[in-house]
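# Structure assessment
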Amino acid sequence: MVLATEENIQKAADVLRRGGVAAFPTETVYGLGASAFNRAAVARVFELKKRPSFDPLIVHIGSLSMLESAANLEALKNENRKLLEKLIQNLWPGPLTIVLPKKNEIPDVVTSGLDSVAVRFPKNEIAQKLILLTGDPLAAPSANPFGRLSPTRAAHVSAYFPAGVDIILDGGKTDVGLESTVLDLSSGAPRVLREGGVPQEEIERFTGKMTSRALNSPMEAEGGAFKTPGALKIHYAPKTVFKLHEAGAMLKEPFSPSKAYLFYSFENLRLYAKKNGLKINENELPAHERLWALCGGAGEPSCREAAAALFDVLHMMDALDALEIHAEKAPPDGLGPAINDRLFKAAGSVLEA
Ligand code: TXA
Ligand code: MG
């Protein structure tokens, strides 16, 4: 793990150009990158992550001029091409991944044989510099072993991969904290395949109302053929047994010292502590070893704050010696649905009463 100085970004670009694998920060979560044109390097990313080969990777570009090295815009329907322009103008660079028709030059190993490619232009400057210095778009999934919590710090990546990653650039904690929103424009009407860093409402300013939100269980919804293979039910799972409650319902749970509790707001944490006679320290994090909150410590709860804290807090809670983690859902607007999607998956889709 090295600090993301100019010199080390250059080193990482050299590693990538020689066919190596580099972990780097983006504004969402850390990525595990390889040159999208290097089949062997991309195969190593799959191998390191133990990711099934049917789950395609996102291709990251460092400037708009790189877009056409990955996507075949000629093959886009006219309406979708216009929409793409608006989305690019307003939301790129940023936490929005757009699925587009694929250029032949992008090898099948990247897209798991699909004729579409997911493209993302990250806002993080370290990521942009790294891609531009490498000169190729980077195929990069989140830098966690398949099925584990996404990394929001370089230290998470080095703990996950003590060997095998050629260089890990440390750019501090990521800002958004949730993976990008994945929007499919490759054919037909635009559709959100994964909720993430850009709330669906924000995309709908350009697309108009989209009929359905991303499906938590596309396998069921589409009769076994899932559209975004990464959207499996159990994903981002902590090692500790994880139970999810409807908003507010966790307040009724009796306190057990062998469990840890994750509240959406600090206000709920405070209420719960009072109800159960637990002493909390308002000026420390966590306020109580067993009680955690995603947001609202110093003021109004905000979804952005909660999203940014989510994986970070889950990593810390997973490292406690608790037998179970109980969490409550976020309110259903803004980034709430994306947060709830991650919580839902961490719980393996089991919702407690
Ligand atoms: O924020 C992010 O998106 C992070 C950072 C590193 O950029 N990356 C990330 O990648 O979350 P990953 O591999 O963990 O998730 C990529 C998602 C998966 O759900 C995958 O199935 C979907 O994008 N995807 C990739 N290519 C696709 C395609 N051609 N069609 C449909 N879904 C695709
Ligand atoms: Mg991932």
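Each remark here, short or long, concerns the structure printed above.
On a predicted model such as this, the values are computed, not experimentally measured, just so you know.

Next up on the list: the site of ligand 1. Within the structure, ligand 1 sits among 27 residues, and Thr 28, Asp 55, His 60, Arg 120 and Ser 180 are positioned closest to it. The side chain of Ser 180 places a nitrogen or oxygen atom 2.5 Å from an oxygen atom of ligand 1. One of the side-chain nitrogen or oxygen atoms of Arg 194 is found 2.9 Å away from an oxygen atom of ligand 1. Surface burial for ligand 1 is 97%, taken as the share of its 680 Å² of free accessible area covered by protein chains. Where the shell around ligand 1 is concerned, the elements lending two or more residues are β4 (58-60), β6 (116-120) and β10 (191-194). Broken down by element, the residue count for the shell around ligand 1 peaks at 4 residues, all from β6. The class makeup of the residues in the shell around ligand 1 is 13 nonpolar, 8 polar and 6 charged.

A few words on the sheet that holds strand β9 (residues 181-184). With mixed pairing, 10 strands are arranged side by side in an open sheet as β1-β8-β2-β3-β7-β4-β6-β5-β9-β10. In this open sheet, the two edge strands, each paired with only one partner strand, are β1 (2-3) and β10. As paired elements, strand β5 (residues 96-101) and β6 share 5 bridges and run antiparallel to each other. Looking at β6, one finds that Pro 101 is bridged to Ser 116. Against the sheet, helix α1 (residues 6-17) engages β1, β2 (22-24), β3 (31-35), β7 (138-139) and β8 (167-170), with an angle of about 150° to β8.

All right, on to the environment of Thr 152 then. Tracing the backbone through its elements, the reader meets Thr 152 in the loop between β7 and α7 (154-160). The exposure class assigned to Thr 152 is buried, which follows from its relative accessible area of 0%. When the C-alpha positions of Thr 152 and Asp 175 are compared, they lie 8.5 Å apart, and in sequence the two are 23 residues distant. Once residues lying within four places of it in the same chain are set aside, the contact partners of Thr 152 are Tyr 30, Gly 172, Lys 173, Thr 174, Gly 177, Phe 311 and Asp 312.

Rules used throughout
Throughout this document, residue positions are counted from 1 along each chain, in the order its sequence is written. By the order in which they are written, chains take letters starting at A while ligands take numbers starting at 1. In keeping with the model being predicted, local features are shown solely for residues with a pLDDT of at least 70 and side-chain atom pairs are shown and tallied solely at 80 or more, while totals for entire chains, interfaces and linings include all residues. Excluding hydrogens and water, the side-chain figures rest on all heavy atoms present in the structure. Near residues are defined by distance, with any heavy atom within 4 Å of the molecule or strand qualifying the residue. Here a polar contact means two N or O atoms within 3.5 Å. Within protein one must be a hydrogen donor candidate and the other an acceptor candidate, and residues neighboring in sequence count only if both atoms are side-chain atoms. Computed with the Shrake-Rupley method and a 1.4 Å probe, the accessible areas treat only the protein chains shown as cover for residues. Numbering of helices and strands runs from the N terminus; a helix is a DSSP stretch of H or I covering at least four residues, while a strand is a stretch of E covering at least two. Under the grouping applied here, Gly and all other residues not named as nonpolar or charged are polar, the nonpolar ones being Ala, Val, Leu, Ile, Met, Phe, Trp, Tyr, Cys and Pro and the charged ones Asp, Glu, Lys and Arg. Two strands are counted as paired when DSSP detects at least two bridges linking them. The contact definition used throughout considers only heavy atoms, calling two residues in contact when any of these lie within 4.5 Å. All axes here are fitted lines through C-alpha atoms, helices being fitted over the stretch that makes contact, and every angle between N-to-C directions spans 0 to 180 degrees. The buried label applies to any residue whose accessible area, calculated with a 1.4 Å probe on protein chains only, is under 20% of its type's maximum; exposed applies above 50%, and partly exposed to all values in between.

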